[in-house]
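Analysis of the macromolecular model
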Amino acid sequence: MKAVHFGAGNIGRGFIGQLLYDAGAAITFVDVNDEVINAMNSERHYDIVYAQEEELRYSVHGVKGLNSRTETDKVVSEIAEADIVTTAVGPNVLKFLAPVIKEGLVKRSGKAVDVIACENMVGGSEQLKQYVLDQADDEERRIVEESAGFPNAAVDRIVPEQVVGNGLDVTVEPFYEWIVETEGMKNPDVRIPGILYVEALSPYIERKLFTVNTGHAAAAYLGSLEGYKTIAEAMADEGVFTSVSGALEETGKLLTAKYDTFSKDEQKAYIEKVLARFVNPKLVDDVKRVGRTPLRKLGRKERLISPAEQLMKRNGQPAFLVDVIVAALSFRNEDDPEAVKLAEEIQEKGVGYVLRHYSQLEENSPLYESISEKYNEAEK
């Protein structure tokens, strides 16, 4: 099996690359980082180190790298021969991959393949498909539509900031989850062990977003208020742990009411597993890293505002979620442009402006009023 993976960063090597290798794939990593690509072609392997009590290393061998900027023709040829194409580059980078992916898919001459965007976003593969089709003429669109599947996916593995000097080796948490929606697949014969294939992805995407991402953000923002440096340190604080747990109980009520995919007991077990990941002392996960880009995370469809608003519409009371949102509004990090901008917007225009402009909440809505009241109380 041949796999082409865009993004030779920590997630690409420490998560997607591992599962592709486990499936017996020869992996070509595509990136723009010359240092990483050169190291990959020189060493041809790297180690994955599990953040757990007893150190465990797992070696990924036989990898090679290509620079998508300077070796476009080679990347196109690799895509033309690949059995699967994956990405882990970040949502904002997907559009830059579209031209070379389009060329590679067209060169396949109708041989079926699936392109899976493993990004922390909803509908990543669909979005990538649209970017690809935007680059194509009518005949190229026909070829892509007929032979290339873009099944949406949800991915979950915490990969902290890496220690400088470790080269290609990457430290990860032992837990992972990779879910792929079968509906968008064009080559169902290629199945990767370790991936959970499901007919409907939406419940799993929201469960991950409103449990893992909500909880992670909650630990970061509440921990930042208390002056903690890592997520594990923050979660060792009884007050922070209680608040994070409370927020996840609230999102759990929403999820089990909204979907019949998982029972209350299943959601409770899922929450307990997520909390256990956050308290792992071997996982050195920086609070400032997790909390960065607060304006995006305060968006209406994001991990904090969305579950709180949906819960309110179902007559629920998102008390802990409101506390987390207030903590997010108070997040300060001079090294994060969004955090700096958040502080400036509140200072110059008030917290109400942020809730209206970035969270898109109406001024007379119950959630707007609840957040504003709690924020003003905290500021006194």
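Residues numbered from 1 in each chain as written. Predicted model: local features only at pLDDT ≥ 70, side-chain atom pairs only at ≥ 80, totals over all residues. Heavy atoms only, no water.

Description of the packing of aromatic side chains
How we decide: Each aromatic pair joins two rings of Phe, Tyr and Trp (for Trp, the six-membered one) with centres within 6.5 Å, and gets the label stacked for planes under 30 degrees apart, edge-to-face for over 60, and tilted for any other angle. Distance and angle both matter: a charge sits over a ring if NZ of Lys or CZ of Arg is within 6 Å of the ring centre and within 35 degrees of the ring normal.
Going through the model one piece at a time under the given rule, you end up with seven aromatic pairs. Ring pairing ties together the aromatic residues F15, Y176 and W178, which thus form one cluster. When the ring centre of Y197 is taken as origin, the NZ or CZ atom of R191, which lies over that ring, is 4.4 Å away.

Quick look at the pattern of salt bridges
A side chain with one charge can pair with a side chain of the opposite charge if their charged atoms come near. Spelled out, the test is: We count a salt bridge whenever a side-chain nitrogen from Lys or Arg sits within 4 Å of a carboxyl oxygen from Asp or Glu. In DSSP terms, a helix is any run of H or I states spanning at least four residues, a strand is any run of E spanning at least two, and both are numbered starting from the N terminus. Remark: exposure states derive from per-residue accessible area (1.4 Å probe, protein chains only) relative to the maximum for the residue type, with buried under 20%, exposed over 50%, and partly exposed in between.
Tallied over the full model, the rule gives 20 salt bridges. The residue K374 makes a salt bridge to D323 at a minimum N-O spacing of 3.4 Å. Of this pair, K374 sits in helix 17 (residues 366-379) while D323 is found in helix 14 (residues 319-329), placing the two residues 51 residues apart along the sequence. Judged by relative accessible area, which is 34%, K374 ranks as partly exposed.

A look at the sheet that holds strand 11 (residues 177-181)
Test applied: Note on pairing: two strands pair once DSSP finds at least 2 bridges between them. Axis lines are fitted to C-alpha atoms, over the contacting stretch for helices. Their N-to-C directions set the angle, which ranges from 0 to 180 degrees.
One open sheet holds the three strands; their spatial order is 9-11-12, and the pairing between them is mixed. Strands at the two margins of the open sheet, each flanked by one partner only, are strand 9 (153-156) and strand 12 (195-198). Going across the sheet, the axis of each strand differs from the next one's by a mean of 15 degrees, ignoring polarity. By the bridge criterion, four bridges tie strand 9 to strand 11 in an arrangement that is antiparallel.

Some remarks on the UniProt feature "domain: Mannitol dehydrogenase C-terminal" (unreviewed entry) in the protein
This is how it is decided: UniProt positions are given in the numbering used here, feature names are shortened, and annotations may be inferred rather than shown by experiment.
Following the UniProt record, the feature "domain: Mannitol dehydrogenase C-terminal" (unreviewed entry) maps to residues 201-377 here. Note that residues 201-377 is 71% helix and 0% strand, and that its end C-alpha atoms are spaced 40 Å apart.

A word on the pairing of strand 2 (residues 26-31)
Going by this rule: A clockwise course of the path from the first strand over the helix to the second, judged with the strands pointing away from the viewer, identifies a crossover as right-handed.
The buried count for strand 2 comes to five of six residues, which makes it a mostly enclosed element. Sheet topology places strand 1 (residues 2-6) next to strand 2; five bridges connect them, and they run parallel. Bridging from a neighbouring strand, A3 pairs with I27 of strand 2. One crossover worth recording links strand 1 to the parallel strand 2 by way of helix 1 (residues 10-22), and it is right-handed.

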